[in-house]
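# Commentary on secondary and tertiary structure
Next come the chains, spelled out residue by residue.
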Amino acid sequence: MADRPKRPSSPVDGGGREGAGTAVLTRTRTRKPNLYRVLLLNDDYTPMEFVVHVLERFFNKDRAEATQIMMHVHQNGVGECGIFTYEVAETKVTLVMDLARKHMHPLQCVMEKK
Ligand code: TYC
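So, on to the overall build of the protein chain. Helix and strand counts for the protein chain come out as three helices and three strands. The order of helices and strands in the protein chain, counted from the N terminus, is β-α-α-β-α-β. A total of 114 residues make up the protein chain; the buried ones form 28% of that total. Put simply, 68% of the contacts in the protein chain that link residues at least 6 apart link residues at least 24 apart.

Each aromatic ring pair is characterised by the separation of its centres together with the angle its planes make. Across all of its chains, the model carries two aromatic pairs by this definition. Judged by centre distance (5.2 Å) and plane angle (80°), the ring pair of Tyr36 and Tyr86 falls under edge-to-face. Placement of the pair is Tyr36 in strand β1 (residues 35–41) and Tyr86 in helix α3 (residues 86–102), with a sequence separation of 50 residues. Look at Phe59 and Phe84: their rings are 6.1 Å apart centre to centre, the planes differ by 40°, and that puts the pair in the tilted class. With Phe59 in helix α1 (residues 48–59) and Phe84 in strand β2 (residues 78–85), this pair connects stretches of sequence that are 25 residues apart. For Phe59, a relative accessible area of 5% puts it in the buried group. Overall, Phe84 belongs to the buried group, its relative accessible area being 18%. Here the basic side chain of Lys92 rests over the ring of Phe59, its NZ or CZ set 5.7 Å away from the ring centre.

Next up on the list: the nonpolar core. In terms of nonpolar packing, the biggest core is built from 24 residues, with Val38, Leu40, Val54, Leu55, Phe59, Val96 and Leu107 touching the most fellow members. Put simply, the parts of the chain that give this core at least two residues each are β1, α1, α2 (63–76), β2 and α3. Once residues lying within four places of it in the same chain are set aside, the contact partners of Val54 are Phe59, Val96, Leu99 and Leu107.

Now for the state of the cysteines. In the structure shown here, the tally under the stated rule is zero disulfides. The thiol of Cys81 is unpaired, and the distance to the nearest cysteine sulfur, on Cys109, comes to 5.2 Å. Residue Cys109 is classed as buried on the basis of its relative accessible area of 4%.

Cut-offs applied
Residues numbered from 1 in each chain as written. Predicted model: local features only at pLDDT ≥ 70, side-chain atom pairs only at ≥ 80, totals over all residues. Heavy atoms only, no water. Helix = DSSP H or I, 4+ residues; strand = E, 2+ residues; numbered from the N terminus. Buried < 20%, exposed > 50% of the residue type's maximum accessible area, 1.4 Å probe, protein only. Contact = heavy atoms within 4.5 Å. Phe/Tyr/Trp six-rings, centres within 6.5 Å; stacked < 30°, edge-to-face > 60°. Lys NZ or Arg CZ within 6 Å of the ring centre and 35° of its normal. Core = buried A, V, L, I, M, F, W, Y, C linked by side-chain atoms within 4.5 Å. Disulfide = S-S within 2.5 Å.

Printed below as a string of structure tokens:
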């Protein structure tokens, strides 16, 4: 069978192969990912030590920073644990909520778009 005519290739395009199931995508700047704040909410029953543990375990805070954040939430009602891409934020919220439920604490962890 006769080959279809080939378009001339160029060093800056796809070498004329776009029609063969390949595509050349050019972007000069990298896209900034959508970011989400993960927040802890205060309640009257979750032990302070449990909240500090959550911040150390899931948000890689040292004891001093975890205690600061916990006290901020305790006094202000809400506080930030970190800022993550969607999937990471969602995973952290799930891990916190699962641990809180397992220990029967009412701790709430939520994410919000930045
Ligand atoms: N308010 C809780 C107490 O007095 C402590 C607490 C802090 C609970 C932060 C939740 O996200 C929270 N035991």
